[in-house]
Amino acid sequence: STAFFFGYNIVTISAFYWIRKWNWRRVTIICLPIAAAGLLAGSLVQGYAALLAVTAVAGGAFAALYGLGTTILSDTSNPARWFGLKIAAEAGVGAILFLVLPGTLIASHGFSGLVVGMLLTMLLLSPLLWLLPARGVKSHAQEQQEYSALDELPESVNHWAIWSALFAALVFFSGSSAVWAFMERLGNNAGYDSQTIATLLAVTLGCATMGSLGSAMLGKYFGNARPFLVCLLVILCSLLLLGSATDFTTYAMGCCLFTAAFGAGLPFAVSEIAELDVDGRYAVLSVPAIGLGAMIGPGTAGVAYAGDSPVLVLSMVAATMFVAAALMGNAQKRKQR
């Protein structure tokens, strides 16, 4: 996972410089086969170092495609709606694979079956990539106007607000991914049936999908910051349920409530970045923000997890929600100024 997100973050951080310059269709045509080849190679190589290398390559290629999708949606007039639909689609496909692959290709072919299933899914969905535009509506400022000096640019780009919103997304995803990574462990340590927990995890993906669809329905009607803060509050309530659960029903309610709020909150966080990004290059940095969060959260939670007690992990996640709220509030203040 670290190798995957290493390649993922390297490519998406560099996308700040190329995302508005390169032809998006060409990038897609090049990166899609590389991503598929990286996945396939991961099931064939023997050495661990080689496995890390091809995993990093796959992560970088997938990140380029993911970054393009994020940038395209940031150019729309209602990013919250489209990011909600995007994340719902991701969770929906993930839920389908989660239910179908274990009893079919994984059962008969192991990890290679998992890779084949993912490659078949990519092949099935790839014709839609031909509908991608070659470039975006927001172009780099130098492509739209002639500036005599670069110091004229910051007048239109609220850098502090953008960076504050970016760090809000990073901290939010870091805390959320920590809970997701240990959700199954929490259930196992409580003595719940493993198959029942697996079914619940598939249900939680459906809850995440519903949350994202909810943000898509709201769109920008209430703005981005206020719905995001509501989602943080709901997550705090779900942490209380998970920390105090004495039966499976309470545990399941906490899991479902958490994933629904997570699925709804992420589109609003990324949409705020997109709306602040008048320059058109910063929205793609939300992708490495999410990638870094995915690396930091589970690792930190692993260190904090003490024996069978989830209190320290859940307290840490609660703290990240307060930090994310403060950062998003700061972005709003600077935006209003």
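In what follows, the structure referred to is the one given above.
Residues numbered from 1 in each chain as written. Predicted model: local features only at pLDDT ≥ 70, side-chain atom pairs only at ≥ 80, totals over all residues. Heavy atoms only, no water.

*Asks:* A description of the nonpolar core should follow, citing residues and the corresponding values.
*Replies:* Counting 60 residues, the largest nonpolar core has F172, F228, L239 and Y251 as the members making the most contacts within it. Contributions of two or more residues to this core are made by α4 (79-100), α7 (159-189), α8 (194-218), α9 (225-244), α10 (248-276), α11 (286-304) and α12 (311-336). With residues up to four places along the chain from it excluded, the contact list for L239 reads V179, L314, V317 and A318. Listed in part, the 18 residues of the second largest apolar core include I19, W24, V27 and L119. (Core = buried A, V, L, I, M, F, W, Y, C linked by side-chain atoms within 4.5 Å. Buried < 20%, exposed > 50% of the residue type's maximum accessible area, 1.4 Å probe, protein only. Helix = DSSP H or I, 4+ residues; strand = E, 2+ residues; numbered from the N terminus. Contact = heavy atoms within 4.5 Å.)

*Asks:* How would you sum up the pattern of salt bridges? Please name residues and give values.
*Replies:* The final tally for this structure, using the stated rule, is two salt bridges. D75 serves as the salt-bridge partner of R20, at 2.8 Å between the closest nitrogen and oxygen. Of this pair, R20 sits in the loop between α1 (2-18) and α2 (24-42) while D75 sits in the loop between α3 (48-74) and α4, and the two are 55 residues apart along the sequence. The burial state of R20 is the same as that of D75; both residues are buried. Of the charged contacts in the structure, one is a salt bridge between E90 and K86, with a shortest N-O distance of 2.7 Å. Of this pair, E90 and K86 both sit in helix α4, four residues apart, roughly one helical turn. (Salt bridge = Lys/Arg side-chain N within 4 Å of Asp/Glu carboxyl O.)

*Asks:* Please give an account of the side chain of R20 that cites residues and values.
*Replies:* Owing to a relative accessible area of 8%, R20 belongs among the buried residues under this scheme. Within the local environment of R20, its side chain forms a polar contact with the side chain of D75, the two groups lying 2.8 Å apart. (Polar contact = N/O pair within 3.5 Å; in protein donor to acceptor, adjacent residues only side chain to side chain.)

*Asks:* So what about the packing of aromatic side chains? Which residues, and what values?
*Replies:* Counting across every chain of the model gives 17 aromatic pairs. Between W18 and W22 the ring centres are 5.0 Å apart and the planes differ by 20°, which places this aromatic pair in the stacked class. Given the relative accessible area of 9%, W18 is considered buried. Note on Y192 and F248: the rings are 5.3 Å apart at their centroids and 80° apart in plane angle, and the pair reads as edge-to-face. Taken together, the residues span a long stretch of sequence, with Y192 in the loop between α7 and α8 and F248 in helix α10 at a distance of 56 residues. When its relative accessible area of 15% is taken as the criterion, Y192 is described as buried. (Phe/Tyr/Trp six-rings, centres within 6.5 Å; stacked < 30°, edge-to-face > 60°.)

*Asks:* Quick one: what's the story with the packing of α9 against α10, residue by residue and with numbers?
*Replies:* Following both chains from N to C, one finds α9 and α10 inclined at 160°, their axes separated by 8 Å at the closest point. The angle between α9 and α10 falls in the class roughly antiparallel. Two packed elements cross with a definite hand, and for α9 against α10 that hand is left-handed. When the residues that make up the contact of α9 with α10 are grouped by side-chain class, the tally is 19 nonpolar, four polar and one charged. (Axes fitted to C-alpha atoms, helices over the stretch in contact; angles between N-to-C directions. Parallel < 35°, antiparallel > 145°, perpendicular 65-115°, else oblique. Left-handed = near helix turned anticlockwise from the far one by under 90°. Nonpolar A, V, L, I, M, F, W, Y, C, P; charged D, E, K, R; others polar.)

*Asks:* Describe empty space enclosed by the protein, and please don't skip the residues or the numbers.
*Replies:* Going through the model one piece at a time under the given rule, you end up with one cavity of 30 Å³ or more. Estimates place the volume of the largest cavity at around 50 Å³. (1 Å grid on protein atoms, 1.4 Å probe; cavity = no way out; pocket = protein on both sides within 12 Å on 5 of 7 lines; lining within 4 Å. Points joined across faces, edges and corners; volume = space filled by probe spheres on them.)

*Asks:* Describe a nonpolar patch on the surface, naming the residues involved and giving the relevant values.
*Replies:* Judged by side-chain polarity, V93, L124, L125, L128 and L131 come together as a nonpolar surface patch covering roughly 520 Å² of accessible area. Structurally, L125 can be placed in helix α5 (residues 105-125). (Patch = residues over 30% accessible without salt bridge, like charges linked within 9 Å, V, L, I, M, F, W, Y side chains within 5 Å. Areas by Shrake-Rupley, 256 points an atom, 1.4 Å probe, with all protein chains shown as cover.)

*Asks:* Run through the environment of S43, naming residues and quoting values.
*Replies:* Relative to the helices and strands, S43 resides in the loop between α2 and α3. In sequence terms S43 and A202 are 159 residues apart; their C-alpha atoms lie 25 Å from each other. The contacts of S43, once residues within four sequence positions are left out, are F111, S112 and V115. A polar contact of 2.7 Å, which involves the side chain of S43, links it to the backbone oxygen of L40.

*Asks:* Hey, could you go over the environment of L242 for me, with residue numbers and the actual values?
*Replies:* Here L242 lies in helix α9. Between the alpha carbons of L242 and F258 there is a distance of 9.3 Å; along the sequence they are 16 residues apart. Residues within four places of L242 in sequence aside, it is in contact with V179, Y251, G254, C255 and L314.

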